[in-house]
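Okay, here's what each chain looks like letter by letter:
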Amino acid sequence: TYKKSDSLHKSLYSEENTSLDKANTVNKLGKIYLEKDSLNNALQHFNEALELTPQGTDDSLRIRVLNELFNFYFTSKIRDLGKAKELLNEIVEINLKNNTFYILGITYQRLSSFYRNEGDLTTALELNTKAFEIFEEKSELRGMAGCYNSFGILASMQNDINKTLFYFLKANQLFKKLSDEESQARMCTNIGKIYFNLGYKDYAD
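No experiment lies behind these values; they were computed from the predicted model shown.

Next up on the list: the overall build of the protein. Scanning the protein from N- to C-terminus turns up eleven helices and zero strands. Counting across all 205 residues of the protein, residues that qualify as buried make up 42%. The contacts in the protein between residues at least 6 apart in sequence include a share of 49% that link residues at least 24 apart.

Below, the structure is given as structure tokens:
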């Protein structure tokens, strides 16, 4: 890691580098600092990379930087969920402009989770529906399965046990198609609990 960061630092001073080359390098350095748990240095580099990629220059690179910043604010010790949500909204804006549907679907899913955790179930449902429509149009099964799971969670938060079961079964069906045993096991546990609560103990096993 140290050799990698040294070579990246050296490449920053190459006269052949464009500002976008520098942005890419600075973003990579930010990731290395994050791995080292040097959070202030990581944040400084991510913000510098963002300044070097204003909207309209290289939107795919800007999305990568925004995503690194989102992960930083969402998972690091310097946690700021408000800032993380702002970053997701900008990612949505750029993806709408460029019609990059897959990333847009994932971003809608993430935003839906934010609103769900804040208790705004109406907005969470709207965003999850947008994500599902994108994934369904592209036959993106993993995305669809994730959305079905989210629909189920939202239904459970509204105490609609039948809808919850319906969506969890749909999600499980797709995870089975994907041979995703870990997700299947999780869904089967949730489905078993619902059957048990409904009194169908034979199905709960």
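Relative orientation of the contacting elements helix 9 (residues 161-177) and helix 10 (residues 181-198) amounts to 155°, with a least axis distance of 9 Å. Of the possible angle classes, the one that applies to helix 9 and helix 10 is roughly antiparallel. Relative to helix 10, the crossing made by helix 9 is left-handed. For the pair helix 9 and helix 10, the contacting residues are Ile161, Thr164, Leu165, Phe168, Leu169, Ala171, Asn172, Phe175 and Lys176 in the first and Ser183, Gln184, Met187, Cys188, Asn190, Ile191, Ile194, Tyr195, Asn197 and Leu198 in the second. Of the residues belonging to the contact of helix 9 with helix 10, the class tally is twelve nonpolar, six polar and one charged.

Looking now at unusual backbone geometry. Unusually for a residue other than glycine, Asp37 sits at a positive phi of about 65°. Checked against the element boundaries, Asp37 lands in the loop between helix 2 (19-35) and helix 3 (39-51). Unusually for a residue other than glycine, Ser139 sits at a positive phi of about 55°. Here Ser139 shows up in the loop between helix 7 (121-137) and helix 8 (141-157).

Let's shift gears to the layout of surface pockets. Roughly 210 Å³ of volume is contained in the largest pocket. Counting only elements with at least two residues in the lining of the largest pocket, the list comes to helix 6 (101-117), helix 8 and helix 10. For the lining of the largest pocket, the residue count by class is two nonpolar, six polar and five charged. Volume-wise, the second largest pocket comes out at about 150 Å³. Taken together, Phe70, Phe74, Arg79, Leu81, Arg110, Ser113, Phe114, Asn117 and Glu118 make up the full set of residues lining the second largest pocket. Elements with a contribution of two residues or more to the lining of the second largest pocket: helix 4 (59-75) and helix 6. Across the lining of the second largest pocket, the residue classes tally to four nonpolar, two polar and three charged.

Bringing the nonpolar core into the picture now. With 51 residues, the main nonpolar core has Leu69, Phe72, Tyr73, Tyr108 and Tyr148 as its most contacted residues. Of the residues forming this core, the biggest block, eight residues, is contributed by helix 4. Apart from residues no more than four positions distant in its own chain, Tyr148 is found in contact with Phe132, Tyr167, Lys170, Ala171 and Leu174.

Rules of the game
- Residues numbered from 1 in each chain as written.
- Predicted model: local features only at pLDDT ≥ 70, side-chain atom pairs only at ≥ 80, totals over all residues.
- Heavy atoms only, no water.
- Helix = DSSP H or I, 4+ residues; strand = E, 2+ residues; numbered from the N terminus.
- Buried < 20%, exposed > 50% of the residue type's maximum accessible area, 1.4 Å probe, protein only.
- Contact = heavy atoms within 4.5 Å.
- Axes fitted to C-alpha atoms, helices over the stretch in contact; angles between N-to-C directions.
- Parallel < 35°, antiparallel > 145°, perpendicular 65-115°, else oblique.
- Left-handed = near helix turned anticlockwise from the far one by under 90°.
- Nonpolar A, V, L, I, M, F, W, Y, C, P; charged D, E, K, R; others polar.
- 1 Å grid on protein atoms, 1.4 Å probe; cavity = no way out; pocket = protein on both sides within 12 Å on 5 of 7 lines; lining within 4 Å.
- Points joined across faces, edges and corners; volume = space filled by probe spheres on them.
- Core = buried A, V, L, I, M, F, W, Y, C linked by side-chain atoms within 4.5 Å.

So far we have only geometry, and geometry alone does not tell us how the molecule works.
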